[in-house]
Amino acid sequence: MRPPGWWLAMLLLTVAAVAPASQGQRPDPALRDALERALSASDSFENRFDAEVWLMDMATRLRERMPDPQRRMEFLRLVHYEARRADLEPEWVLALIQVESNFQRFAISSAGARGYMQVMPFWLEELERPNDNLFRPETNLRMGCTILRHYLDIEDGNLTRALARYNGSLGETWYPNRVFNALRARWHPQ
């Protein structure tokens, strides 16, 4: 028996492989290599098939904002891993990152928050980890996902309130609505 959505994976893989070939070009070797590496390290996915489907789908959606295929695949694998580690939906994290930093690794807010998920630097001192780097994707995503999970727990699973708390706008809905709009427009699984 084939897993649900197997046809979508086959379609995506066929389009990814055939489209360049149909134009007289070979598939992008950098994308192929990046996908192969990301898929071989699919420890946050239930199986390789799930990894292929999700990574190909999200990589297509992220292409405009992160054109380098290797960086894009590594980033998506890391987002998936850290989101699942914190028991979050990876698509929520992608929507939050779009709103917070628009996928700019070195983003700094007017309040001083840093990186993809705009983590405040006081956390490094608070945790006695002053040498950690919030521009390092692994650190930023680990801390950002952990913070969001904590706020989701505090708010008894209410994502709207958890997102507002993450942004420092608890009691208001403008920020959660921005994240939900990004989720619906770009990141919601099809």
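Use the structure listed above.
Below, the structure is looked at part by part.

Observations concerning the overall build of the protein
- Along the protein, the regular secondary structure elements total nine helices and zero strands.
- Secondary structure elements of the protein, listed N to C terminal, follow the sequence α-α-α-α-α-α-α-α-α.
- Considering the protein as a whole, with its 190 residues, one finds that 43% of them fall into the buried category.
- Accessible surface, the protein as shown: approximately 10,700 Å² in total, 50% of it carbon and sulfur.

Examining helix α3 (residues 48-62)
- In a regular helix each residue adds 1.5 Å, so 15 residues correspond to 21 Å; α3 covers 20 Å between its end C-alpha atoms and thus fits that length.
- Counting buried residues along α3, twelve of its 15 residues qualify, which places the element largely inside the surrounding structure.
- All of the buried residues along α3 are Phe49, Ala51, Glu52, Val53, Trp54, Leu55, Met56, Asp57, Met58, Ala59, Arg61 and Leu62.
- Of the residues that open α3, the one with a side-chain oxygen 3.0 Å from the backbone nitrogen of Phe49 is Asn47.

Focus: unusual backbone geometry
- The backbone phi angle of Asn102 is positive, close to 50°, even though this residue is not glycine.
- As for its position among the elements, Asn102 is in the loop between α5 (90-101) and α6 (122-126).
- Relative accessible area serves as the criterion here: at 35%, Asn102 is assigned to the partly exposed category.
- Unusually for a residue other than glycine, Gln118 sits at a positive phi of about 55°.
- Relative to the elements of secondary structure, Gln118 occurs in the loop between α5 and α6.

A look at the side chain of Ser101
- Mapped onto the secondary structure, Ser101 falls in helix α5.
- Within the structure, Ser101 has its side chain in polar contact with the backbone oxygen of Tyr116 (distance 2.8 Å).
- Once residues within four sequence positions are removed from consideration, Ser101 is found in contact with Ala107, Gly115, Tyr116 and Gln118.

Focus on helix α4 (residues 69-85)
- The first and last C-alpha atoms of α4 sit 24 Å apart over 17 residues, in line with the 24 Å expected at 1.5 Å per residue.
- Within α4, the full set of buried residues consists of Pro69, Arg72, Met73, Phe75, Leu76, Leu78, Val79, His80, Glu82 and Ala83.
- Once α4 ends, the next one or two residues include Asp87, with phi positive near 60°.

Topic: empty space enclosed by the protein
- Considering all chains together, one arrives at one cavity of 30 Å³ or more under this definition.
- Estimated volume of the largest cavity: approximately 30 Å³.
- Forming the walls of the largest cavity are Trp92, Leu148, Leu159, Leu163, Val179, Phe180 and Leu183.
- Residue contributions to the lining of the largest cavity peak at three residues, all from helix α9 (residues 174-187).
- Per-class residue counts for the lining of the largest cavity are seven nonpolar, no polar and no charged.

Let's talk about the packing of aromatic side chains
- The final tally for this structure, using the stated rule, is seven aromatic pairs.
- Ring geometry for Phe75 versus Phe103: centroids 5.9 Å apart, planes at 80°, classification edge-to-face. With a gap of 28 residues between them, Phe75 in helix α4 and Phe103 in the loop between α5 and α6 connect regions that are remote in the sequence. Residues Phe75 and Phe103 agree in their burial class; the two are buried.
- For the ring pair Phe103 and Trp187, a centre distance of 5.6 Å and an interplane angle of 55° mean the geometry is tilted. Placement of the pair is Phe103 in the loop between α5 and α6 and Trp187 in helix α9, with a sequence separation of 84 residues.

Conventions used here
- Residues numbered from 1 in each chain as written.
- Predicted model: local features only at pLDDT ≥ 70, side-chain atom pairs only at ≥ 80, totals over all residues.
- Heavy atoms only, no water.
- Helix = DSSP H or I, 4+ residues; strand = E, 2+ residues; numbered from the N terminus.
- Buried < 20%, exposed > 50% of the residue type's maximum accessible area, 1.4 Å probe, protein only.
- Areas by Shrake-Rupley, 256 points an atom, 1.4 Å probe, with all protein chains shown as cover.
- Expected span 1.5 Å × (residues − 1).
- Polar contact = N/O pair within 3.5 Å; in protein donor to acceptor, adjacent residues only side chain to side chain.
- Contact = heavy atoms within 4.5 Å.
- 1 Å grid on protein atoms, 1.4 Å probe; cavity = no way out; pocket = protein on both sides within 12 Å on 5 of 7 lines; lining within 4 Å.
- Points joined across faces, edges and corners; volume = space filled by probe spheres on them.
- Nonpolar A, V, L, I, M, F, W, Y, C, P; charged D, E, K, R; others polar.
- Phe/Tyr/Trp six-rings, centres within 6.5 Å; stacked < 30°, edge-to-face > 60°.

Structural measurements only, silent on function.
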